Amino acid sequence: MLNTKLITKLQKEYTFFKDMLNSLERKKKKTPGNGFAIMKCKEKIAELDKIFEKIDYATQITFD
């Protein structure tokens, strides 16, 4: 079972890559480098989505 620190780290990574992807997609000038970065961001987001699907949040204990 994943601990809460790891889950928090993964959530921060997810928001980082999601924000970067949105920023890259808004750029007017399309370059091969931007296209590569967009592709890599989408790959990383897909990896994180798979990890989040495996997590059962009902069994996680959170202390707010």
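See above for the structure.
Residues numbered from 1 in each chain as written. Predicted model: local features only at pLDDT ≥ 70, side-chain atom pairs only at ≥ 80, totals over all residues. Heavy atoms only, no water.

A. Structural context of the overall build of the chain. Broken down by element type, the chain carries two helices and zero strands. Relative to its 64 residues, the chain shows a buried fraction of 20%. Of the roughly 5,300 Å² of accessible surface on the chain, a fraction of 59% belongs to carbon and sulfur atoms. (Helix = DSSP H or I, 4+ residues; strand = E, 2+ residues; numbered from the N terminus. Buried < 20%, exposed > 50% of the residue type's maximum accessible area, 1.4 Å probe, protein only. Areas by Shrake-Rupley, 256 points an atom, 1.4 Å probe, with all protein chains shown as cover.)

B. Fine view of the pattern of salt bridges. What the rule picks out here adds up to four salt bridges. Between E43 and K40 there is a salt bridge, with its nearest N and O atoms 3.4 Å apart. Of this pair, E43 and K40 both sit in helix α2 (residues 32-54), three residues apart, which is roughly one turn of that helix. Assessed through its relative accessible area of 36%, E43 is described here as partly exposed. A relative accessible area of 38% means that K40 is categorised as partly exposed. Salt bridges sharing common partners tie together K9, E13, K44 and E47. (Salt bridge = Lys/Arg side-chain N within 4 Å of Asp/Glu carboxyl O.)

C. Region of interest: the side chain of N34. Within the secondary structure, N34 sits in helix α2. Dropping the residues within four chain positions of it, N34 is found in contact with L24, K27 and K29. (Contact = heavy atoms within 4.5 Å.)

D. Expanded view of the packing of helix α1 (residues 4-26) against α2. Between α1 and α2, the shortest axis-to-axis distance is 9 Å and the interhelical angle comes to 150°. By the angle between their axes, α1 is roughly antiparallel relative to α2. When you trace α1 past α2, the crossing you get is left-handed. Counted together, L10, Q11, E13, Y14, F17, K18, M20, L21, L24 and E25 of α1 and N34, A37, I38, C41, K42, K44, I45, L48, D49, I51 and F52 of α2 form the full contact between these two elements. Considering only residue class, the contact of α1 with α2 consists of 13 nonpolar, two polar and six charged. (Axes fitted to C-alpha atoms, helices over the stretch in contact; angles between N-to-C directions. Parallel < 35°, antiparallel > 145°, perpendicular 65-115°, else oblique. Left-handed = near helix turned anticlockwise from the far one by under 90°. Nonpolar A, V, L, I, M, F, W, Y, C, P; charged D, E, K, R; others polar.)

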